Amino acid sequence: MGEEVSNKLIVVLALLVVIVVAVSTWLTVSNLNAIDSDEPKVVKVTERVLEGPPSGGQVSLTILPQPTEGAE
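Basis of the calculations
- Residues numbered from 1 in each chain as written.
- Predicted model: local features only at pLDDT ≥ 70, side-chain atom pairs only at ≥ 80, totals over all residues.
- Heavy atoms only, no water.
- Helix = DSSP H or I, 4+ residues; strand = E, 2+ residues; numbered from the N terminus.
- Areas by Shrake-Rupley, 256 points an atom, 1.4 Å probe, with all protein chains shown as cover.
- Polar contact = N/O pair within 3.5 Å; in protein donor to acceptor, adjacent residues only side chain to side chain.
- Patch = residues over 30% accessible without salt bridge, like charges linked within 9 Å, V, L, I, M, F, W, Y side chains within 5 Å.
- Salt bridge = Lys/Arg side-chain N within 4 Å of Asp/Glu carboxyl O.
- Buried < 20%, exposed > 50% of the residue type's maximum accessible area, 1.4 Å probe, protein only.

K.L.:
Would you mind showing me how to read the overall build of the chain here?
P.N.:
A count of helices and strands for the chain gives one helix and zero strands. Accessible surface, the chain: about 7800 Å² in total, of which carbon and sulfur atoms supply 63%.

Below you can see the structure in the form of structure tokens.
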């Protein structure tokens, strides 16, 4: 009897997962269809960055000594 209940529980959980995935997919697709692609998109530039990479392309790395346990 325990195996029969276990099988029924697995089937019910599988159906629940299928229903949740179907509903979420339907909601996602309906939201994507609601987006009107013919409307003009407005982009506002708020800042212009004029800084480039270092002139030599060099990177510096400093290895610090590991702190001791007593020094805080």
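On we go from here.
K.L.:
Would you explain the environment of Ser24 in this entry?
P.N.:
As for its position among the elements, Ser24 is in helix α1 (residues 2–34). A distance of 3.0 Å separates a polar side-chain atom of Ser24 from the backbone oxygen of Val21.

K.L.:
Would you mind going over a nonpolar patch on the surface with me for this structure?
P.N.:
A surface patch of nonpolar side chains, about 380 Å² in accessible area, is lined by Leu9, Leu13, Leu16 and Val20. Tracing the backbone through its elements, the reader meets Leu13 in helix α1. Judged by its relative accessible area of 45%, Leu13 falls in the partly exposed class.

Shape descriptors only; they carry no functional weight alone.
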